[in-house]
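Letter by letter, the chains look like this.
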Amino acid sequence: MKKILYSVMALAIAAMTFTACEDVPEPYPTPVPGQKPVVTYEGEGTLEKPYTVADAINYAKSFGQANSDKAVYIKGFITAVTEEYSTNFGNATFEISDSKDGGNKFIFWRGLYLGNKKYSSGKTQIKVGDEVIIYGNVVNYRGNTPETVQGSAFLYSLNGVDEGGGGSDTPAEAKGSGTLEDPFNPAGAVAYAKEVGDKESDKDVYIKGKVSSISDQYSTQFGNATFNISEDGTPSNEFTVYRALYLGNKKYTSGDLLKEGDEVIVCGKVTNYKGNTPETVQGKAYLYSLNGKSEGGGGDTPQGEAKGDGSLSNPFNAVAAVNYAKTVGDKESDKDVYIKGKVSSITDQFGTQFGNATFNISDDGKAGNEFTVYRALYLGNQKYTAGDLLKEGDEVIVCGKVTNYKGNTPETVQGKAYLYSLNGKTESSGGTPTPQPGGEVKTVTVADFNAAAESNDVWYQLTGTVKNLKDGDQYGNFDLEDATGSVYVYGLLSEKGGEKKKFQDLVAAKGIKNGCTLTIIGTRGSYNDKIEVTNAYFVSIEGGDTPGGGDTPGGGGEVSGASISIAAADFGFEDKGAATQKTLSDGTKIVFDKGEGSTAPAYYGGSYASVRIYAKNTVTITASKKIVKIEIETTDPSGSTKYNGNDMAYADGGSKVSIKKESDTKVSFSNLSASTVKIVNDHSEAKGGTQLRIKTLTITYAE
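Along each chain, residues carry numbers from 1 onward, in the same order as the chain's sequence is written. Per-residue local features are limited, in this predicted model, to residues with pLDDT of at least 70; the limit for side-chain atom pairs, both in listing and counting, is 80 or more; totals at the level of whole chains, interfaces and linings are taken over all residues. Side-chain metrics rest on all non-hydrogen atoms present in the structure, leaving aside hydrogens and water.

### A closer look at the overall build of the chain
Heads up, the rule is: Every helix listed is a DSSP run of H or I at least four residues long, and every strand listed is a run of E at least two residues long, numbered separately from the N terminus. Exposure is judged per residue with a 1.4 Å probe applied to protein chains only, and the accessible area is read against the type maximum: over 50% gives exposed, under 20% gives buried, and values in between give partly exposed. Residues are treated as being in contact if the distance between any of their heavy atoms lies within 4.5 Å.
The secondary structure content of the chain amounts to six helices and 39 strands. Within the chain, the proportion of its 703 residues that are buried is 48%. Of all intrachain contacts in the chain linking residues separated by at least 6 positions in sequence, the fraction that spans at least 24 positions is 62%.

Okay, structure coming up:
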């Protein structure tokens, strides 16, 4: 009887169990293929109902790797402080969570203090456990780090204390048409930049607003400034003015400085940089008016008349050069052209350091309808060593190849254009420029050349020592040798497509013989399985009377004795692009790497051209000889901010050598003895610290 009773009870319990299970919802929703999970938010991102940290993380992730389209309020507890507020930069970095005990974390990245102001001495400092409300735009940095956008966030309240400065939760209305009579408001500029996308706008526009924050003030060092503007001067619905020139479309030399609340009109081209940052284009915008004061400078300039055919007798004017470059597109023109105009502005003056210059020209020497001459050589197609310097208003003729860089910047090709005449003065050797290859010329070592595939369309520049040249040879057949190997040159011409069997004329003119160092350009070919430099022509000669000359100079660094130097501008990296690697003319290889840092090395051009080495980034140098010393010239400080690396930086060639800071702009690593040396800009964190901005790198080898 007991067994029957137990069986009945068991069945009853089982029935109840199955019934209860049917009423309990699944712990997680069943995924639907192709459908994104629905995210619910506890807060609303407003001051009255701020986001939780969990909300903020989800909100940042919802934008992918783009900046959020509006600023939000986020509430939490400080669980870690990476960088305390200081009077040096006025900002701080810390982590917040929904609980004092931690958990999900959100990073407040280099944000300002209470009231959306820089921190000043005497103010209350932050600490772990503080309850805070932060306000700003957010981003999921690199797709894995939810944080505030640098320069677009501030501490709204600290343990219940606030100093105002909060923004509006309502997106502003886009207004204006972008003309001087009807300028865009900041929201209108943002909308227009997003429409343009990650390229440069095809016209200048005017934007009116009030200065809401200043990242880089006008100074005599760079002559430009970076700041945000909004319609009412508060940090909401802002537009970024990036490295814009001063009144009159000139570099700042003296005058009124910006301050928050100033009413400005800015004129220039805009872009949505990397698809997520609406801003003006660096160097192509300026302050048209400051609190009603204006010095003109152009804008809304009608398209001028294109003139000329690009020949020396009938050169292009600036407008025609722009049009021609646009037809060429984002490649190199297949011929050299002549362009005539007057210098309207100078970005980089001719100097003995790099020997080239960057400047704009127009028909009348004024801003508007300009063409950019980019890193062009001096008179005679030579590097500048001495002579007349450029000044605005000078009449020039420039000769060289052109391109529409990245499809939006008509300019001469770096290193393939020169100043043919300056105010009528010329040092050229003739009216027709030396022909060059129609495509890119790759500067390589002999080993790299030998490893390349055969092609008549790819051109290579090689530098090496002449070996096994026979007396009286009419063709110019010889071996070219550098530190990485040797290759046979099958016939050397005086210029591309030049006359054959005239090598002895070149010998007489240039003094070519065994032991001298030649730089040539040619294509990769072979004959009977023997690798050859084919279609080769002469570029330059340097050095030695005896076979087996020393280090080879050329396109990848300048050799002097037992050392080699290279400027950042000669690495060949794109402006604001990644710094990767470079093989020098003597075969030494330089590799830039992110290391354990959060930001990878990058190259920034212009007058402060340098490779930026961030916290924990590495620079590995591999040579065929032992390296004994490495010297680095850095960019000048910006105010109190130096760029000469962290104090923890070191070089490792089997044993670590600490950085030696010889000055604010020069560091070195001495007493090395290895053919491979790794420099590490070491720091206590993967972010922050002091950048090492490499302007010039010099490597000294063992004798």
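### Some words on the environment of K582
Relative to the elements of secondary structure, K582 occurs in strand β29 (residues 581–583). Each C-alpha atom, one on K582 and one on G572, is 8.3 Å from the other, the two residues being 10 residues apart in sequence.

### Here's the deal with the confidence of the model for the chain
Put simply, the rule is: pLDDT expresses, on a scale from 0 to 100, how confident the predictor is about each individual residue.
When pLDDT is averaged along the chain, the result is 83, and 87% of the positions lie at 70 or above. Across residues 1–34, where pLDDT falls below 50, the model places zero contacts with residues more than four positions away in sequence or in other chains. Counting interchain partners and residues more than four positions distant, the pLDDT-below-50 stretch residues 298–302 has 15 contacts.

### Focus on the nonpolar core
Here is the rule: Definition of nonpolar core: a set of buried residues of the types Ala, Val, Leu, Ile, Met, Phe, Trp, Tyr and Cys, connected through side-chain atoms within 4.5 Å.
Counting 35 residues, the largest nonpolar core has I590, F592, V611 and I630 as the members making the most contacts within it. Secondary-structure elements contributing two or more residues to this core are β27 (563–567), β30 (589–593), β32 (610–613), β33 (618–634), β37 (666–669), β38 (674–680) and β39 (692–701). In terms of residues, this core owes the most to one element, β33, which gives six residues. Beyond its immediate stretch of four places on either side in the chain, I630 contacts I621, V667, S668, F669, L672, V677, I679, L697 and T698.

### Quick look at the packing of aromatic side chains
Keep this limit in mind: Stacked, tilted and edge-to-face pairs are distinguished by plane angle, under 30 degrees for stacked and over 60 for edge-to-face with tilted covering the rest, among Phe, Tyr and Trp rings (Trp via its six-membered ring) whose centres lie within 6.5 Å.
If you walk through the whole model with that rule in mind, you get 28 aromatic pairs. Measuring from centroid to centroid gives 5.4 Å for Y73 and Y156, while their planes differ by 90°, and the two rings are edge-to-face. Residue Y73 is located in strand β1 (residues 72–83), and its partner Y156 is located in strand β5 (residues 145–158); the two are separated by 83 residues in the primary sequence. Each member of the pair, Y73 as well as Y156, is classed as buried.

### What to know about the pattern of salt bridges
Note the following rule: Any Lys or Arg side-chain nitrogen found within 4 Å of a carboxyl oxygen on Asp or Glu counts as a salt bridge.
Counting across every chain of the model gives 25 salt bridges. The partner of K259 in a salt bridge is D262, with the nearest N and O atoms 3.0 Å apart. Ionic pairing is found between E631 and K666, a salt bridge with its closest N-O pair at 3.5 Å. Note that E631 is positioned in strand β33 and K666 in strand β37, a separation of 35 residues in sequence. Three or more residues joined by partner-sharing salt bridges are found here, namely K629, E631, E662 and K666.

### What to know about unusual backbone geometry
A positive phi is found at R110, a non-glycine position, where the angle reads about 50°. Look at R110 and you get partly exposed, because its relative accessible area is 22%. Positive phi, close to 60°, is recorded for N468, a residue that is not glycine. Assignment of secondary structure puts N468 in the loop between β20 (455–467) and β21 (477–482).

### Brief notes about helix α3 (residues 186–196)
Across the 11 residues that make up α3, a large majority, eight, are buried. Taken together, the buried positions of α3 are occupied by P186, A187, G188, A189, V190, Y192, A193 and V196. Where α3 is buried, its residues contact β7 (205–216), β8 (225–230), β9 (239–244), β10 (263–273) and β11 (277–290). Following α3 by one or two positions, G197 adopts a phi angle in the positive range, close to 85°.

### Structural notes on the environment of K513
With respect to the element layout, K513 can be found in the loop between α6 (503–510) and β24 (517–527). Distance from K513 to L469, taken between C-alpha atoms, is 7.0 Å for residues 44 residues apart in sequence.

### Re the pairing of β1
To keep things clear, this is the line we draw: When DSSP finds two or more bridges between two strands, those strands count as paired.
Where β1 lies against strand β4 (residues 131–141), six bridges are found, and the strand directions are antiparallel. Across the sheet, Y73 pairs through a bridge with Y135, a residue of β4. Bridge count for β1 against strand β2 (residues 92–97) is five bridges, and the pairing is antiparallel. Bridged to A80 within β2 is E95.

### Structural notes on α6
The following threshold applies: To be clear, the arc concerns the directions from the helix axis to the C-beta atoms.
For α6, every residue scored as buried is listed here: F503, L506 and V507. In an axial view of α6, the angular spread of the buried residues amounts to 105°, which keeps them on one side of the axis. Every exposed residue of α6 that faces more than 90 degrees away from the buried side is listed here: A508 and A509. Just downstream of α6, G511 is the residue with a positive phi angle, here 75°.

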